[in-house]
Amino acid sequence: HPSMKLCGPAVTVHSPGGDNLWIHRALYVARPGDVLVVHVSDTPDYGYWGEIMSTAARTCQLGGLVIAGCVRDIDLLEQIGFPVFATGLCIRGTGKDPIARGWVNHPVRIGDINVGAGDLVVGDRDGVVAIERSRAAQVVGAAEQREAEEADVLRRIAAGERTLEVYNF
């Protein structure tokens with residue numbers, strides 16, 4: 001849903017394709033406010049996450065889900081209000097193989113971005129970013145400074161200045 005937002009430290013999950021047992025396990029490794037960041041072995045076309053897992057995550061007070069795979073139960077997910085950022089939608093069910101290879105809190109690669117456990121994950125309708133844990137404070141400070149500078153630019157434009165003068169074009 002366009003109003004969903006998330007921000008929190010990453011709990012990374014590598015899940016076998018077509019199987020979501022490692023995601024279930026990660027629900028209970030994560031702490032309140034954590035964001036699950038899930039790689040599904042380049043097999044996105046399953047409904048890895050739905051109403052039941054969103055309800056469990058909400059109960060655990062997690063901060064959200066970012067998954068390089070599909071989810072299901074979209075109308076119910078919107079009602080529950082748990083922030084989910086997914087590749088798409090798919091009703092196809094998943095398996096739960098107890099001996100399938102997966103892991104929690106080891107680095108994963110989502111697209112061309114490496115995400116480590118504890119990295120700061122921020123998402124809104126414009127997209128999702130992951131910031132290395134060691135750089136998070138510096139990046140947040142720079143973002144706050146940029147917000148303040150843009151607020152000043154907006155004030156100047158509202159007062160009648162032209163962007164050409166504000167930016168010295």
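Scroll up to find the structure.
Residues numbered from 1 in each chain as written. Predicted model: local features only at pLDDT ≥ 70, side-chain atom pairs only at ≥ 80, totals over all residues. Heavy atoms only, no water.

### Overview of the overall build of the protein
- The number of helices and strands found in the protein is 5 helices and 9 strands.
- Scanning the protein from its N terminus toward the C terminus, one meets helices and strands in the order β-α-β-α-β-α-β-β-β-β-β-β-α-α.
- Expressed along its principal axes, the backbone C-alpha trace of the protein runs to roughly 65 × 35 × 30 Å.
- For the protein, with 169 residues in total, the buried portion stands at 40%.
- For the protein, restricting intrachain contacts to residue pairs at least 6 apart in sequence, the fraction spanning at least 24 positions comes to 68%.
- Accessible area of the protein: about 9,800 Å², with a carbon and sulfur share of 53%.
- Of the charged side chains in the protein, 16 are positive and 21 negative; the average position of the first set lies 3 Å away from that of the second. (Helix = DSSP H or I, 4+ residues; strand = E, 2+ residues; numbered from the N terminus. Buried < 20%, exposed > 50% of the residue type's maximum accessible area, 1.4 Å probe, protein only. Contact = heavy atoms within 4.5 Å. Areas by Shrake-Rupley, 256 points an atom, 1.4 Å probe, with all protein chains shown as cover. Lys, Arg positive; Asp, Glu negative; His and termini not counted. Charge placed at Lys NZ, Arg CZ, Asp CG, Glu CD.)

### As for a nonpolar patch on the surface
- On the surface, Leu164, Tyr167 and Phe169 cluster together into a nonpolar patch covering about 360 Å² of accessible area.
- One can find phenylalanine 169 in the segment after α5 (163-166).
- Residue classification places phenylalanine 169 among the exposed residues on the basis of a relative accessible area of 71%. (Patch = residues over 30% accessible without salt bridge, like charges linked within 9 Å, V, L, I, M, F, W, Y side chains within 5 Å. Salt bridge = Lys/Arg side-chain N within 4 Å of Asp/Glu carboxyl O.)

### Concerning the environment of valine 122
- With respect to the helices and strands, valine 122 occurs in strand β8 (residues 120-124).
- In sequence terms valine 122 and glycine 102 are 20 residues apart; their C-alpha atoms lie 24 Å from each other.
- Those residues within four positions of valine 122 in sequence are excluded, and the remaining contacts are Leu6, Cys7, Gly127, Val128 and Val129.

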